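Fold and contact review
Read off the chains here:
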Amino acid sequence: PYTIKYFTLAGWSTLWMTFVGGECGLFADQLTEWEWSRKLPMVVKSLLGLLLVWLAELSTGAVLNIWLELGVWDYSDSLVNLWGQISLTHGIGFFFLMPFAIWLGDVVRYYRYNEEKPDKLWVYYKRLVLLK
């Protein structure tokens, strides 16, 4: 398949990932915007965020990598993967990235929309570990 060598950022990513990452960041931010999700434990928010990231990666990867054969990413070497588009290994990383993404969204809303001041970042991870 044709591999994208143009528009690379550091030899291991492409500008396409900016769109996928931005989409995932918006998903994570929404996990605290819905009324029903505000009371969910951080571990549940992180799992929901992971599922949304996997959905975004799988759908985008199906178009860019499988259908258009652009070869933007390939998780085929990962132990547990689905069509090389999503993997359990990378999913663990995304799971632990979710509290940061949620915190960042809260910080942006605090400064941009004068919403409630968010807790420190470590508190978000404390909630994750303590299942709160």
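Per chain, the residues get numbers from 1 upward, laid out in the order the sequence is written. Reporting of local features is limited, given that this is a predicted model, to residues whose pLDDT is at least 70; pairs of side-chain atoms are given and counted only at 80 or more, and all residues count toward the totals for whole chains, interfaces and linings. Water and hydrogen atoms were dropped before computing side-chain values, which therefore reflect all heavy atoms in the structure.

**What about the confidence of the model for the protein?**
How we decide: Known as pLDDT, the predictor's confidence for each residue is given on a scale from 0 to 100. Numbering of helices and strands runs from the N terminus; a helix is a DSSP stretch of H or I covering at least four residues, while a strand is a stretch of E covering at least two. It only takes one pair of heavy atoms within 4.5 Å for two residues to be counted as in contact.
When pLDDT is averaged along the protein, the result is 83, and 88% of the positions lie at 70 or above. Within the protein, the element-level pLDDT minimum falls on helix 1 (residues 16-30), averaging 77, and the maximum on helix 4 (residues 121-129), averaging 96. Of the regions scoring below 50 in pLDDT, residues 7-11 engages in six contacts with residues more than four places distant in sequence or in other chains.

**A few points about the nonpolar core**
A general tendency of soluble globular proteins is for nonpolar side chains to be buried together. The condition that has to hold: Note on terminology: a nonpolar core comprises buried Ala, Val, Leu, Ile, Met, Phe, Trp, Tyr and Cys residues joined through side-chain atoms within 4.5 Å. Accessible area is worked out with a 1.4 Å probe on protein chains only. A residue is then buried under 20% of its type maximum, exposed over 50%, and partly exposed in between.
Grouped together as the largest cluster of nonpolar side chains are twelve residues: V20, C24, A28, V53, A56, L64, L70, V72, W73, Y75, M98 and A101. Put simply, the parts of the chain that give this core at least two residues each are helix 1, helix 2 (42-67) and helix 3 (88-113). Within the second largest apolar cluster, ten residues are counted, among which are V43, L50, I102 and V107.

**Quick notes on the packing of helix 3 against helix 4**
Heads up, the rule is: Lines are fitted to the C-alpha atoms to define the axes, a helix being fitted only along its stretch in contact, and any angle between axes, read from their N-to-C directions, falls within 0 to 180 degrees. Should an angle fall under 35 degrees it is called roughly parallel, over 145 degrees roughly antiparallel, and 65 to 115 degrees roughly perpendicular, with every other angle called oblique. Should the near helix be turned counterclockwise from the far one by less than a right angle, the crossing is left-handed, whereas a clockwise turn marks it as right-handed. In this classification, Asp, Glu, Lys and Arg are treated as charged, Ala, Val, Leu, Ile, Met, Phe, Trp, Tyr, Cys and Pro as nonpolar, and every other residue, Gly included, as polar.
Axis separation between helix 3 and helix 4 bottoms out at 9 Å; the angle between their running directions is 140°. By the angle between their axes, helix 3 is oblique relative to helix 4. Handedness of the crossing formed by helix 3 with helix 4: right-handed. Two secondary-structure elements touch here, helix 3 through F95, F96, L97, P99, F100, I102, W103 and D106 and helix 4 through L121, Y124, Y125 and L128. Taken together, the residues of the contact of helix 3 with helix 4 sort by class into eleven nonpolar, no polar and one charged.

**Structural notes on the pattern of salt bridges**
Rules: Salt bridges, as used here, are contacts in which a Lys or Arg side-chain nitrogen is within 4 Å of a carboxyl oxygen on Asp or Glu.
This model, assessed by the stated rule, comprises three salt bridges. Here R109 ties to D106 by a salt bridge, and the two come within 2.3 Å at their closest N and O atoms. Placement of both R109 and D106 in helix 3 is noted, with a separation of three residues, approximately one turn of the helix. Like D106, R109 is buried. Residue R109 pairs with E115 through a salt bridge whose shortest N-O separation is 3.2 Å. A residue is classified by how much of its surface remains accessible, and E115, at 34% relative accessible area, is partly exposed. If you follow the salt bridges from partner to partner, you end up with D106, R109 and E115 in one network.

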